[in-house]
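# Fold and geometry: a report
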Amino acid sequence: MKKHPRITALDEDGKIVELPWESIGHTNEPVELKDHFAPVRVTIEAMAEASMIVPQELWKNKNMSLLRWLQIVAQRVFDKLPTDQRHGYAGVMRLDFTFDHEGPVLKSVRLGK
């Protein structure tokens, strides 16, 4: 079971109360600082988009799968992003990221800016 951070708030009387994790709406944003440093995961949709965009020569010549190549590229791009941005570029590819309960996720891969 994943450990959740404590959430405290002031009630009407000005007393500090702890809110249950389930009562807070989750917004696909990082909850803790360590979420920014978790490895980037790749969705099936991003893999499918990349398979139509990325030439095989880029990843086959390095003796790796498209998934592994995309994970490396996504991690490099994500590591250089400012914390308030959710997209970055690798050459002409635009990589869009989101967060879930385990950290950053590569959501989509597109051509162009």
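Residues numbered from 1 in each chain as written. Predicted model: local features only at pLDDT ≥ 70, side-chain atom pairs only at ≥ 80, totals over all residues. Heavy atoms only, no water.

## Considerations on the nonpolar core
Ranked by size, the top nonpolar core spans 20 residues in total, and within it Val54, Trp69, Leu70, Leu95, Phe97, Leu106 and Val109 carry the most contacts. Of all the secondary structure elements, the ones that give two or more residues to this core are helix H1 (44–53), helix H3 (66–80), strand E5 (93–100) and strand E6 (103–111). For this core, the element with the highest residue contribution is H3, accounting for seven residues. (Core = buried A, V, L, I, M, F, W, Y, C linked by side-chain atoms within 4.5 Å. Buried < 20%, exposed > 50% of the residue type's maximum accessible area, 1.4 Å probe, protein only. Helix = DSSP H or I, 4+ residues; strand = E, 2+ residues; numbered from the N terminus.)

## Section: the sheet that holds E5
On the basis of which strands lie adjacent, the open sheet formed by four strands has the order E3-E6-E5-E4 and mixed pairing. What marks the edges here is a single partner per strand, and that holds for strand E3 (41–42) and strand E4 (87–90). As judged from the four bridges shared by E4 and E5, these two strands associate in the antiparallel manner. Bridge pairing in E5 links alanine 90 to methionine 93. This element, H1, spans E3, E5 and E6 of the sheet and lies at about 30° to E6. Contacts between H3 and the sheet are confined to E3, E4, E5 and E6, with E5 contributing the most and set at about 80° to the helix. (Pairing = 2+ DSSP bridges. Contact = heavy atoms within 4.5 Å. Axes fitted to C-alpha atoms, helices over the stretch in contact; angles between N-to-C directions.)

## Some points on the pattern of salt bridges
Taken as a whole and assessed by the stated rule, the structure comprises four salt bridges. For the salt bridge of arginine 41 with aspartate 100, the shortest nitrogen-to-oxygen distance reads 2.4 Å. Highlighted residues: arginine 41 in strand E3 and aspartate 100 in strand E5, separated in sequence by 59 residues. Relative accessible area serves as the criterion here: at 29%, arginine 41 is assigned to the partly exposed category. Residue arginine 41 pairs with glutamate 102 through a salt bridge whose shortest N-O separation is 3.6 Å. Of this pair, arginine 41 sits in strand E3 while glutamate 102 sits in the loop between E5 and E6; the two residues are 61 residues apart in sequence, bridging distant segments of the chain. By sharing partners, the salt bridges in this structure join Arg41, Asp100 and Glu102 into a single network. (Salt bridge = Lys/Arg side-chain N within 4 Å of Asp/Glu carboxyl O.)

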